[in-house]
Amino acid sequence: MNRALIQRVRKRAREACEYCRMPQLAYRARFEIDHIVAQHHGGATNAENLALACQRCNAHKGPNIAGIDPLTGQLVPLFHPRQDRWTEHFEWSGAQLVGRTPIGRVTVLVLAINDPLYVLVRKMLMAEGLFPAPE
């Protein structure tokens, strides 16, 4: 992956995780460039298949492209930052991320976005006016 492509992905994401919206400034380690569709599933290394992801979201997502919706029991694709609108699938309830759709619910679950420690971090960032990251 070349430097220009990495910079393009970071700029487009406004230096925030494209899944949980955590700002880069809240982490010491640089956010990772995620293949939305993993390379071993045929995903390309191009701007349309790359997203900026915090280490936590990227580690939980791994090569997953789908999960089981906890309400319907159906197999549902994960949120795709290049094809889906974040605000259509998610909303904030305080520091908790709520999935508004099956895609949102599955993504919150698979990526463990509401882990209690990270909810606490978001609460502290909210209190300082640093979260959520701007759209």
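One structure accompanies this document, and this report is about it. All figures in this text were calculated on a predicted structure; none of them were measured in a lab. (Residues numbered from 1 in each chain as written. Predicted model: local features only at pLDDT ≥ 70, side-chain atom pairs only at ≥ 80, totals over all residues. Heavy atoms only, no water.)

1. Focus on the packing of aromatic side chains
In step 1: Scanning the entire structure with this criterion turns up 6 aromatic pairs.
In step 2: Considering the side-chain rings of Y27 and F31, the 5.0 Å spacing of their centres and the 80° angle between planes classify their relative orientation as edge-to-face.
In step 3: For Y27, a relative accessible area of 19% translates into the label buried.
In step 4: Under the relative-accessibility criterion, F31 is labelled buried at 4%.
In step 5: Ring geometry for F79 versus F90: centroids 5.2 Å apart, planes at 75°, classification edge-to-face. Of this pair, F79 sits in the loop between β4 (75-77) and α3 (86-89) while F90 sits in strand β5 (residues 90-93), and the two are 11 residues apart along the sequence. The residues F79 and F90 share a single accessibility class, namely buried.
In step 6: One aromatic cluster is present, formed by Y19, F79, W86, F90, W92 and F131 through successive ring pairs. (Phe/Tyr/Trp six-rings, centres within 6.5 Å; stacked < 30°, edge-to-face > 60°. Buried < 20%, exposed > 50% of the residue type's maximum accessible area, 1.4 Å probe, protein only. Helix = DSSP H or I, 4+ residues; strand = E, 2+ residues; numbered from the N terminus.)

2. Notes on the nonpolar core
In step 1: C17, Y19 and C57 are the most contacted members of the largest nonpolar core, which has 31 residues in total.
In step 2: Of all the elements, strand β2 (residues 50-53) adds the most residues to this core, at 4 residues.
In step 3: Setting aside residues up to four positions removed in sequence, C17 forms contacts with M22, F31, L52, A53, C54 and C57. (Core = buried A, V, L, I, M, F, W, Y, C linked by side-chain atoms within 4.5 Å. Contact = heavy atoms within 4.5 Å.)

3. Notes on the environment of E88
In step 1: Mapped onto the fold, E88 is located in helix α3.
In step 2: According to the relative accessible area criterion, E88 is partly exposed, its value standing at 42%.
In step 3: Each C-alpha atom, one on E88 and one on T101, is 7.8 Å from the other, the two residues being 13 residues apart in sequence.

4. Focus on the pairing of β5
In step 1: As judged from the 4 bridges shared by β5 and strand β6 (residues 96-99), these two strands associate in the antiparallel manner. Looking at β6, one finds that S93 is bridged to Q96.
In step 2: The antiparallel pairing of β5 with β6 creates a hairpin that spans 2 residues between the two strands, and G94 there sits at a positive phi of about 65°. (Pairing = 2+ DSSP bridges.)

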